[in-house]
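Structural characterization, general
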Amino acid sequence: MDSKPSLNLVYAAVSALYNNPNTTEKERASQWLGELQKSVHAWTIADELLHHKRDLESCYFGAQTMRTKIHHSFHELPTEAHESLRNSLLEHISQINEDTNTVIVTQLCLALADLILQMPTWQQAALDLINRFSTTSMWPLLEILTVLPEELESRSVRLGENRRVVMLEDLKSCAATVNEFLTHCSNTFGGNWQENVQINVKILRCLTSWVSVGAITLNEIADNVVVSRAFSVLNYKPEGDKPQSVAGSLHDAASDCICTLLQCLEDNNNQQILETYLFNNVINLEIVYHLSVANEDQEKSINYCRIFTELAESFLEKIINSCSTKSFHYAIKVLDLVLICVGHHEYEVAEITFNLWYVLSEELYQKNSKELTELFRPYVERLITALCRHCQMEPDHEGLLEDGDDFKDFRLKVSDLVKDVVFIVGSSSCFRQMFMNLQAPGVTWDSSEAALFIMQAVAKNVLPTENEVVPKVVEAILSLPENTHIAVKYTSVLLLGELCEWIEKHPNTLDPILNFLVCCLPQAGVGAAAAISLQSICATCNDHMPRHVPVLLQLLQQVDTFAITNNAVIGLVKGVGAIVGCMPHAELTDAMRKLCSLQLNPLCQLIEQDVVPVRGTKSDPVLWLDRLSSVLRNVNVRLYEGQPHPCKPVILEVWPVLSRTFDKYQNDLRIMERCCRSVRFMLRCVSQQVCELLQSLVSQIVRIYATYKHSCFLYVGSILVDEYATNPNCVQGLLDMLQAFIEPTFQLLQEENGLRNHPDTVDDFFRLCSRFMQRAPVPILQCGALVHILQCSLMACTLDHKEANTSVMKFFYDLINTGKCGKNQIDFEQRKVLVTSILNEYGQQLVTNLLHACVFYLHSYMLSEVADVFVELLEFDREAARKWLANGLDTLPKESNGGIMSATPQQLNDIHASMTRSDTSKSVTHALKDLTRFYLLCDQGL
């Protein structure tokens, strides 16, 4: 947007966005306003809209634009304009009254907070705001004081670490005044908090915000009036003419305040007075919790549960370290409170406590003390009993729980939690207790199913030698009557699959269990569970299963008549494939051929009959290709060196069908990806024993890639290199393949935003190059195309796509590693000379690009791969790497727009020293993360 638009045009666009019923016009207005917000003219437009106050929509757009510009584009303003922007914002805020829309107030307050964080000349802004607004504009003042620490803590404004530290110290210098101001507000409005709900909510939120970032320290909290008010709100009991309940927003704010204090207490263990104060006051909330349950006020029950759980987490380390058979820590009673909450009739309340139990189990596991674990056994027994009750379906529920159902998701979380904590009570003990529940007189189907569900969670941890309870459970499942509720049968069938390790040790049970599961397969609903269990049993008991292969193959012929998903069928195929791999070689080839034919014959029919693919049906080639991949992936044959692979004759029959699939569907990316996946597992299945296929395979994928540029063909190329590049007779052909791939790949990546728009191509191309470095280093180091590959890789350093960037970094790693001696002494000197020559030319550019990528482009979770490259560089030539690193650090900006210091020379020296003396990826990753924290703001000014 080159010129500033008229205000009338902006009003018209805003009106169209909010009021025009025509969708096309709305979209046009939205796009135009979005472009306006990106332009430098947005600053004055937003200011004018806020001054004119023409209507709600334009005021909101003005406030939101002002916040967005300060948030993302503050570097556009010259330093001398900062003060006038501040004065303008303060003027807008001074005009806020009780009729001003809340959203507009929030946006203006956020805008001012973001300005404070980025304006180093405005020091102790909180004091200025209190002096200016404390008597005239209480509402916006409290809002600004609340969002200022929140913006600092959330890191939504990309501040460098130095500025962040300075701002935190600035807030601390204002803390006493802010505390005094909040105390004054609480004394003024808190006495009658039932009537002044909103202002009390803001007071509580403000204190919470300042405590959360550590601006108001715990030392200043013990006698705090606002905290006392929070407990008054939480402890409220209706009496006489008092209101029957506390407003939900006020109860939430008070709960947030106490939870934040407890979280801070966990990190500061030397606050004995505050610790005792908080503990006593929280314990006293038990009565009001029971009142909330009696009044069916679930939101308040949730709040109390949050507080009890936070208290338990804060004290957990002390509880564990102080407990013994002779004495318990006084705070252990909070676990009883938490368990009371777990017993709440709504499972959402119980779910809040899950993290506490995870932490407890982890601590006890690390302590590895039988005596200590035994002390917590009663608590975990009560927990599992309560969770079992929560897992019960409604008695009138028909059918199975559906995917995406909240209750089903909760049960999965329960299963994960039980698996984590069950060692405290013992898996066999838990299994036995649930079996006793099943045998209780008058037991209902829903309680039976819940007990079976918990048994399913712990079944794999039950010792395979257990002979007391498991045989009875298996017998009971195999004898389930026809009229059993489908949910009970479904969970029972899944339980059999989880007992696969026990079944392996008791082969006498295998035949009746297989017969039972095969009978279940055709049954709607239960069939899916039967398929899952059959897969587990086939994979675990494969030594006992080869004699069942004919029956299983016959079963697979009928599998599409059963009411099970394709994923369940793939699981079955996977299980049968695992068994086939264990067969005697003389029998294996025929079984493999039959198993593959079940997938290849329908595929051939689709190709021959020119059927139009319909996704997810039998006319979809992907369905058959996925099943074929499952076969090829899971038939793992044990061979001795030089032994012919029994699957080779079958693979030679599979390839022509896959080749026809490539030609038939070459313009369909989805089908090509699945066909490439099948080729991948085909090559892996027989490893280096199908050289005769290479020429036709390579020529076909090169030809199709040149036209359609499907990156999956690059991936197949990397598999071919991995398998065959160690064979001298194959190297030149594979290099020719790489050369053929390069031109269409670079055409794609050299488009505008080509790297960003085609991350899969980047990922697969550099994986291919890495495989060459690993398998045939000298040929690729001498390849003329390497220069172009290197130039592309240097540009791709900044790509913030996780998988693509990982492949680029792996290429650099393998390139440098190739020049090191390692285990492979062959042609070492030649490799070292070649790599040294490359680094002499590109080393400095590589290091500089990597540093800039880390600071300005990559996410923190991507830095470990970059660190691997730095470690390799340091190990290859530490002195050269030191020099390149020093020069690269020197290219980083010293300060951002507005005069905020990025990193001091001493800090950069420390980073340099930390990296150059490191010999592990972990320590270099820490140094890179430290570096990025200094520069979080700078990329806005580049």
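Parameters at a glance
- The numbers attached to residues start from 1 for each chain and follow its sequence in the written order.
- Totals for whole chains, interfaces and linings use every residue, but because this is a predicted model, local features are given only for residues with pLDDT of at least 70 and side-chain atom pairs only at 80 or more, for both listing and counting.
- Side-chain descriptors were evaluated using all non-hydrogen atoms of the structure, hydrogens and water having been removed beforehand.
- To qualify as a helix, a DSSP run of H or I must reach at least 4 residues; to qualify as a strand, a run of E must reach at least 2; elements of each kind are numbered from the N terminus.
- Relative accessibility under 20% of the residue-type maximum defines a buried residue, over 50% an exposed one, and the middle range a partly exposed one, all with a 1.4 Å probe and only protein chains included.
- The accessible surface values rely on the Shrake-Rupley method and a 1.4 Å probe; as for residues, cover is taken only from the protein chains in view.
- Only four residue types enter the tally: Lys and Arg on the positive side, Asp and Glu on the negative side, with His and both chain ends excluded.
- Charged side chains are reduced to one point each, which is NZ for Lys, CZ for Arg, CG for Asp and CD for Glu.
- Working rule for contacts: check all heavy atoms of both residues, and any pair within 4.5 Å makes them a contact.
- Only the stretch in contact is used when a helix axis is fitted, and all axes are lines through C-alpha atoms; the angle between N-to-C directions ranges over 0 to 180 degrees.
- Each helix crossing is assigned a hand: it is left-handed if the near helix lies turned anticlockwise from the far helix by less than a right angle, otherwise right-handed if that turn is clockwise.
- Side-chain classes are defined by residue name, with Ala, Val, Leu, Ile, Met, Phe, Trp, Tyr, Cys and Pro counting as nonpolar, Asp, Glu, Lys and Arg as charged, and the others, Gly among them, as polar.
- Buried Ala, Val, Leu, Ile, Met, Phe, Trp, Tyr and Cys residues that are joined via side-chain atoms within 4.5 Å together make up what is termed a nonpolar core.
- Whenever a carboxyl oxygen of Asp or Glu lies within 4 Å of a side-chain nitrogen of Lys or Arg, that contact is scored as a salt bridge.
- Here the word oblique covers every angle except those under 35 degrees (roughly parallel), over 145 (roughly antiparallel) and from 65 to 115 (roughly perpendicular).
- Stacked, tilted and edge-to-face are the three classes assigned to paired rings of Phe, Tyr and Trp, where Trp is represented by its six-membered ring and a pair needs centres within 6.5 Å; plane angles under 30 degrees give stacked, over 60 edge-to-face, the rest tilted.
- Two conditions define a charge located above a ring, namely a distance within 6 Å from the ring centre to NZ of Lys or CZ of Arg, and an angle within 35 degrees of the ring normal.
- Arc definition: it is the arc formed by the directions from the helix axis to the C-beta atoms.
- Think of a polar contact as two N or O atoms within 3.5 Å of one another; within protein, one of them needs to be a possible hydrogen donor and the other a possible acceptor, and neighboring residues in sequence only count if both atoms come from side chains.

Counting its regular elements, the protein chain contains 46 helices and zero strands. Seen through its C-alpha atoms, the protein chain measures out along the principal axes to roughly 90 × 80 × 65 Å. Sorting the 942 residues of the protein chain into buried and exposed places 54% on the buried side. When the accessible surface of the protein chain is summed, it comes to about 41,000 Å², and 48% of that surface belongs to carbon and sulfur atoms. Positive and negative charge centroids in the protein chain, built from 76 and 111 side chains respectively, lie 5 Å apart.

Moving on: the side chain of Thr589. Among the structural elements, Thr589 can be located in helix H30 (residues 585–608). Taking the relative accessible area as the measure of exposure, Thr589 reaches 17% and is therefore buried. Apart from the residues within four sequence positions on either side, Thr589 is in contact with Pro646, Pro649 and Val650.

The next subject is the packing of helix H41 (residues 802–818) against helix H42 (residues 828–856). Following both chains from N to C, one finds H41 and H42 inclined at 145°, their axes separated by 9 Å at the closest point. With respect to the hand of their crossing, H41 and H42 are arranged in left-handed fashion. Contacts between H41 and H42 involve Met809, Phe812, Leu815, Ile816 and Thr818 on the former and, on the latter, Arg831, Val835, Ile838, Leu839, Leu846 and Leu850. Classifying every residue of the contact of H41 with H42 by side-chain character gives nine nonpolar, one polar and one charged.

Before going further, it helps to spend a moment on the nonpolar core. If you look at the biggest cluster of nonpolar residues, it comprises 340 residues, and the most contacted ones within it are Trp357, Phe376, Phe431, Met592, Phe662, Leu720 and Phe870. The element best represented in this core is H42, accounting for 13 residues. Excluding residues that lie within four positions of it along the chain, Phe376 makes contacts with Ile319, Ile320, Cys323, Ile332, Leu335, Leu360, Leu364 and Ile424. Listed in part, the ten residues of the second largest apolar core include Tyr11, Ile45, Leu49 and Phe61.

What follows concerns the pattern of salt bridges. What the rule picks out here adds up to 45 salt bridges. With a closest N to O distance of 3.1 Å, Arg547 and Asp511 form a salt bridge. Note that Arg547 is positioned in the loop between helix H27 (526–540) and helix H28 (549–558) and Asp511 in helix H26 (residues 510–520), a separation of 36 residues in sequence. Owing to a relative accessible area of 31%, Asp511 belongs among the partly exposed residues under this scheme. With its nearest N and O atoms 2.7 Å apart, the salt bridge here joins Asp827 to Arg831. Of the residues examined, Asp827 reaches a relative accessible area of 32% and is grouped as partly exposed. For Arg831, a relative accessible area of 4% translates into the label buried. Connected through shared salt-bridge partners, Glu143, Glu150, Lys202 and Arg205 make up one network.

A few words on the environment of Asn667. With respect to the helices, strands and loops of the structure, Asn667 is situated in the loop between helix H32 (648–664) and helix H33 (669–686). For Asn667, a relative accessible area of 55% puts it in the exposed group. In this structure Asn667 touches Tyr708 and His710, once residues within four positions along its chain are discounted.

Glancing now at unusual backbone geometry. The backbone of Glu296 sits at a positive phi, close to 55°, despite the residue not being glycine. With respect to the element layout, Glu296 can be found in the loop between helix H14 (286–294) and helix H15 (298–322). On the basis of relative accessibility, which here comes to 67%, the residue Glu296 falls in the exposed class. Within the chain, Asn368 stands out as a residue other than glycine whose phi angle is a positive 55°. Looking at the secondary structure, you find Asn368 in the loop between helix H18 (354–367) and helix H19 (370–390).

Quick look at the side chain of Thr373 now. Within the secondary structure layout, Thr373 lies in helix H19. With near-sequence residues (within four places) excluded, Thr373 lies in contact with Leu364 and Ile424.

For the rest of this paragraph, the subject is the packing of helix H6 (residues 102–118) against helix H8 (residues 138–154). Put simply, H6 and H8 touch, their axes get as near as 8 Å, and they point 50° apart. Classified by the interaxial angle, the pair formed by H6 and H8 is oblique. The way H6 lies across H8 gives a crossing that is right-handed. Counting all contacts with H6, which are made through Thr102, Val105, Thr106, Cys109, Leu110, Leu112, Ala113, Asp114, Ile116 and Leu117, the residues of H8 involved are Trp139, Pro140, Glu143, Ile144, Val147, Leu148, Glu151 and Leu152. Among the residues forming the contact of H6 with H8, the class breakdown is 13 nonpolar, two polar and three charged.

Counting across every chain of the model gives 18 aromatic pairs. The interplanar angle of 55° and the centroid separation of 5.6 Å between the aromatic rings of Phe766 and Phe811 together place this pair among those described as tilted. On the criterion of sequence distance, the pair formed by Phe766 in helix H38 (residues 759–775) and Phe811 in helix H41 is long-range, its members being 45 residues apart. Given the relative accessible area of 0%, Phe811 is considered buried. The ring of Tyr11 has Arg54 lying over it, and the distance from NZ or CZ to the ring centre is 4.2 Å. One residue, Arg411, lies across the ring of Phe453, its end atom 4.1 Å from the ring centre.

With that out of the way, let us pick up helix H11 (residues 225–234). Within H11, burial applies to Val226, Val227, Ala230, Phe231, Val233 and Leu234. The arc that holds the buried residues of H11, viewed along the axis, is 155°, so those residues lie on one side. On its buried side, H11 packs onto helix H9 (161–189), helix H10 (197–212), helix H12 (248–267), helix H13 (272–283), H14 and H15. The opening residue of H11 is Asn224, an N-cap whose side-chain oxygen sits 2.8 Å from the backbone nitrogen of Val226.

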